[in-house]
Each structure stands twice: as structure tokens, then as C-alpha cells.
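Here is how the chains run, residue by residue.
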Amino acid sequence: MTTTENVIDTATLRRRLQQDEQKNAHKRRFERHATFIVGRLVVVSNAQHIDGVINEISLGGMRFRPASQYLQRRDGEIVSLLIEDRSFSGRIRASRPDGYGIELLEMMSEDTMIPLLTKI
């Protein structure tokens, strides 16, 4: 049974996806790198500590996946990310099922980021 209602216009879908990518291009200023770094997130407002993994890093931010099963919405929270003896300050920009998207308050230098990438 073929009707025009069941036909999917893939060209239109593809065009819309490309437009969405272009709209978000300004948000992706820095190349992202997959990583696996055990760290701790500290919510500054209440000093709550959350253990987890940093699974993506760039000069301008990180994605932190808490070890807990559920993520609370924390958009806008100021946080500190602790990795070994280093501390990075940031703001949670997105609470997603795959973790917290954190924008760093001060951009990281490549000299700081490269040793973190070698910890994989």
C-alpha cells in the first residue's frame, strides 16, 4: 500500500538538519575531543560534590557525566571541576541525559588541555 501520506521527503529532512547544524555552528567555537577522565564536580552554591567522568573536552568547555544514575537539571549553576590537582571554574549550560555541558569561565590553553587528553 503506497500512498503519498507514507512517503518521507528525505531531501527536506536533510536540508533541515543542515540548517540546524549551521544555526549551531557559532556555538562550537572549539574542536571537541573525546576523553575519559575521572573527576569531581562541585556545585558552588551548596558545595555539593558529584563524582563522575569528563568524556568530552575542548578549550572552552567540558562534558561531565555524573556517576549517579539520574541527572538533575542544573542549567546556569556555577561549578568547579576538579581533575587530580587542577581546578576549572565553569557554568552548566546544558543538562542532558549524556551529562552536563559546562562552559569554562576562563578558556583553557592548549598546554593545559593536551596533558589531559593523554590520560585516556
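None of these values were measured; they are calculated from a predicted model. (Residues numbered from 1 in each chain as written. Predicted model: local features only at pLDDT ≥ 70, side-chain atom pairs only at ≥ 80, totals over all residues. Heavy atoms only, no water.)

> Help me get a handle on the overall build of the protein chain, residues and values and all.
Of regular secondary structure, the protein chain possesses two helices and six strands. Burial analysis of the protein chain (120 residues in total) assigns 34% to the buried set. Considering only contacts in the protein chain between residues 6 or more positions apart, those separated by 24 or more positions represent 50%. For the protein chain, the computed accessible surface area is about 8400 Å², with 50% contributed by carbon and sulfur atoms. (Helix = DSSP H or I, 4+ residues; strand = E, 2+ residues; numbered from the N terminus. Buried < 20%, exposed > 50% of the residue type's maximum accessible area, 1.4 Å probe, protein only. Contact = heavy atoms within 4.5 Å. Areas by Shrake-Rupley, 256 points an atom, 1.4 Å probe, with all protein chains shown as cover.)

> Account for unusual backbone geometry, with residues named and values stated.
Even without a glycine there, the phi angle at Ala 47 is positive, about 60°. Here Ala 47 shows up in the loop between strand S1 (33-43) and strand S2 (48-57). Phi is positive for Glu 84, which is not a glycine, with a value near 50°. Overall, Glu 84 belongs to the exposed group, its relative accessible area being 63%.

> Kindly report on the pattern of salt bridges, identifying the contributing residues and their values.
Following the criterion strictly, the structure yields seven salt bridges and no others. Of the charged contacts in the structure, one is a salt bridge between Asp 51 and Arg 40, with a shortest N-O distance of 2.9 Å. Linking Asp 51 in strand S2 with Arg 40 in strand S1, this pair joins segments that are 11 residues apart in sequence. In this structure, Arg 63 and Asp 98 form a salt bridge, with 3.0 Å as the shortest nitrogen-oxygen distance. You can see Arg 63 sitting in strand S3 (residues 61-66) and its partner Asp 98 sitting in the loop between strand S5 (86-96) and strand S6 (99-104), a full 35 residues away along the chain. Salt bridges linked by common partners bring Arg 32, Glu 56, Arg 63, Arg 96 and Asp 98 together as one network. (Salt bridge = Lys/Arg side-chain N within 4 Å of Asp/Glu carboxyl O.)

> Before we move on, could you go through the sheet that holds strand S4 (residues 78-83) and cite the residues and values that matter?
Read around the closed barrel, six strands run S1-S2-S3-S6-S5-S4, paired in antiparallel fashion. Here the average twist between neighbouring strands, direction ignored, is 45°. Here S4 runs beside S5; their pairing, made up of six bridges, is antiparallel. From the neighbouring strand, Ser 80 faces S5, where its bridge partner is Ser 89. This element, helix H2 (residues 110-117), spans S1, S2, S4 and S5 of the sheet and lies at about 105° to S1. (Pairing = 2+ DSSP bridges. Axes fitted to C-alpha atoms, helices over the stretch in contact; angles between N-to-C directions.)

> Could you give an account of the nonpolar core, naming the residues involved and the relevant values?
One finds Leu 41, Met 62, Phe 64, Leu 81, Phe 88, Ile 102 and Met 108 to be the most contacted residues of the largest nonpolar core, which totals 21 residues. Contributing elements (two or more residues each) for this core: S1, S2, S3, S4, S5, S6 and H2. Those residues within four positions of Leu 81 in sequence are excluded, and the remaining contacts are Arg 40, Leu 41, Ile 54, Met 62, Phe 64, Arg 86, Ser 87, Phe 88 and Ile 102. (Core = buried A, V, L, I, M, F, W, Y, C linked by side-chain atoms within 4.5 Å.)

Remember that the coordinates give geometry; whether it matters functionally is a separate question.
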